[in-house]
Amino acid sequence: MRIVLAPDSFKGTATAAEAARALADGWRSVRPGDELLPLPMADGGEGTLAAVATAHPGATVHEVPGCTGPDGRPVPGRYLLLPDGTALVELATASGLPLLEGRLAPLAATTRGTGEAIAAALDAGATALTVALGGSASTDGGAGLLSALGLRVLGHAGTLLPDGGGALATARQIDTRRLRPAPPGGVRLLTDVTNPLHGPDGAAAVYGPQKGAGPSEIALLEHGLRRYAELLGGDPEQPGAGAAGGTAYGLAAAWGARTTPGAAAVADLLGLDAALAGADLVVTGEGRFDSTSLLGKAVGEVMDRARRAAVPVRVVAGDSTDRRALTLLSLAGDSDDAQRRATHWLKVAGTRLARSAGAGALKH
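My aim in this report is to walk through the structure given alongside it, one point at a time. Please read all numbers here as calculations on a predicted model, not as lab measurements. (Residues numbered from 1 in each chain as written. Predicted model: local features only at pLDDT ≥ 70, side-chain atom pairs only at ≥ 80, totals over all residues. Heavy atoms only, no water.)

## Quick notes on the overall build of the chain
As a reminder, the rule being used: Secondary structure elements are defined from DSSP: runs of H or I of at least 4 residues count as helices, runs of E of at least 2 residues count as strands, and each element is numbered from the N terminus. Within these notes, the globule rule equals 2.2 Å times the number of residues to the 0.38 power, and the radius of gyration is based on C-alpha atoms. Burial classes: relative accessible area under 20% of the type maximum marks a residue as buried, over 50% as exposed, and values in between as partly exposed (1.4 Å probe, protein chains only). For this analysis, residues touch if any pair of their heavy atoms sits within 4.5 Å. Surface accessibility in these figures is a Shrake-Rupley result with a 1.4 Å probe; residues are shielded only by whichever protein chains are displayed. Counted as positive: Lys and Arg. Counted as negative: Asp and Glu, with His and the chain ends omitted from the count. The atom standing in for a charge is NZ when the residue is Lys, CZ when it is Arg, CG when it is Asp and CD when it is Glu.
Counting its secondary structure elements, the chain contains 14 helices and 13 strands. Relative to the globule expectation of 21 Å for 364 residues, the C-alpha radius of gyration of the chain, 21 Å, shows essentially globular dimensions. Counting every position in the chain, which comprises 364 residues, the buried fraction comes to 54%. Of the contacts made within the chain by residues no fewer than 6 positions apart, 72% connect residues no fewer than 24 positions apart. A total accessible area of about 14,800 Å² is found for the chain, and carbon and sulfur atoms account for 52% of it. Averaged over its 33 positive side-chain charges, the chain has a centre that lies 3 Å from the centre of its 36 negative ones.

## Considerations on the nonpolar core
Stated precisely, the cut-off is as follows: The set of buried Ala, Val, Leu, Ile, Met, Phe, Trp, Tyr and Cys residues whose side-chain atoms join them within 4.5 Å is what this entry labels a nonpolar core.
Residues Ile 118 and Trp 255 are the most contacted members of the largest nonpolar core, which totals 52 residues. Leave out the neighbours within four places in its chain, and Trp 255 touches Ile 118, Leu 122, Leu 129, Leu 149, Leu 179, Arg 180, Pro 181, Ala 182, Pro 183, Val 187 and Gly 250. Membership of the second largest hydrophobic core comes to 27 residues, among which are Leu 82, Leu 88, Val 266 and Leu 276.

## Digging into the pattern of salt bridges
For clarity, the threshold we go by: Take a side-chain nitrogen of Lys or Arg and a carboxyl oxygen of Asp or Glu: if they are within 4 Å of each other, that pair is a salt bridge.
Scanning all chains against the criterion turns up 23 salt bridges. In this structure, Glu 63 and Arg 78 form a salt bridge, with 3.6 Å as the shortest nitrogen-oxygen distance. Taken together, the residues Glu 63 in strand β3 (residues 60–68) and Arg 78 in strand β4 (residues 74–81) connect sequence positions 15 residues apart. Residue classification places Arg 78 among the partly exposed residues on the basis of a relative accessible area of 28%. Put simply, Glu 101 and Arg 103 hold a salt bridge, and the shortest N to O gap is 3.0 Å. Overall, the relative accessible area of 55% leaves Glu 101 in the exposed class. The class of Arg 103 is partly exposed, set by a relative accessible area of 43%. Through salt bridges with shared partners, a single network forms among Asp 71, Arg 73, Glu 101 and Arg 103.

## What to know about the packing of helix α1 (residues 16–30) against helix α14 (residues 342–358)
Which entries qualify depends on this criterion: Axis definition: a line fit to C-alpha positions, over the contact stretch in the case of helices; interaxial angles, taken between N-to-C directions, run 0 to 180 degrees. Each angle receives one of four descriptions, namely roughly parallel if under 35 degrees, roughly antiparallel if over 145, roughly perpendicular if within 65 to 115, and oblique otherwise. The crossing is said to be left-handed when, going from far helix to near helix, the turn is anticlockwise and less than a right angle, and right-handed when the turn is clockwise. Each residue gets one of three labels, nonpolar for Ala, Val, Leu, Ile, Met, Phe, Trp, Tyr, Cys and Pro, charged for Asp, Glu, Lys and Arg, and polar for the others, Gly among them.
Relative orientation of the contacting elements α1 and α14 amounts to 45°, with a least axis distance of 7 Å. Classified by the angle between their axes, α1 and α14 sit oblique to one another. Two packed elements cross with a definite hand, and for α1 against α14 that hand is right-handed. Taken together, the residues of α14 that come into contact with α1 (itself represented by Glu 18, Ala 19, Ala 22, Leu 23, Asp 25, Gly 26, Trp 27, Ser 29 and Val 30) are Thr 343, Leu 346, Lys 347, Ala 349, Gly 350, Thr 351, Leu 353, Ala 354, Arg 355 and Ala 357. Of the residues assigned to the contact of α1 with α14, the class counts are 10 nonpolar, five polar and four charged.

Shown next as structure tokens:
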């Protein structure tokens, strides 16, 4: 049999690559003669760069030391350069919420480090750019990112404003004269959200609380994003403009970037359709499988493409109320153990699925 193993990450317990490896180990312990194709998935957020790097042997990962983290401290950045000249940058790497280590900074957090990684990729000769936007720590409209590329956000008397969405409310001018041009192959943004930049469904109102913003801070960030949009132009109402604290808006307005659903784009980058051709089964999964998994997430994308390819699907999840899923919780019998030893229980899940396949239990 030919089996495609295409899980997303099990957040906080196993990366997508670790999950695929554990499932494969379990499967091989029962059916060593089967052909296994590990294809770790992502939806355009954290883990996207690693997933694409695994699927493209000709791609090269480049480290960018000393990028500016979301709170100003230096962090390691990186980008992936594909053989066709496209650079893939994952915003969470240099500007992600976990980098704050609990020290939330809703008004001051910046995307500057992601801009520094992009600059390094362009300096290295990248001719096109893909940015995975999930996991942002900031609500700065991408101003920090663009500032690393030459944009200047100015306040009273032409003074340069500090980074962070909290300062945008005092912006008086945006100087784009030194902004370096977009790569000739264009800029693509991967996201699974459709929020506009501002308003009740915008970046500050919906995602600000997750980044530590209270009511007064949300109001200030909202005011700042509106002022920023007045000065920079573009379309703040475009679906998805609010992704990554408005970074999608900033890149669209300044560089003409286009937004695309993350899970579908990653599936294309990984060659999922080709992998499914001729497969006997695909195994996918994530930490929590529920109704939202089918709405733009990696697992839903895998299931949809498998259905179109007439390939049976099995779902493995940490936990789920959906009876279609084999859960680590049911195998472990204890939530703490299921999380603490996730890779062990994923291997057990692979064993269980292989036995089921050997018993002829595959169904569409």
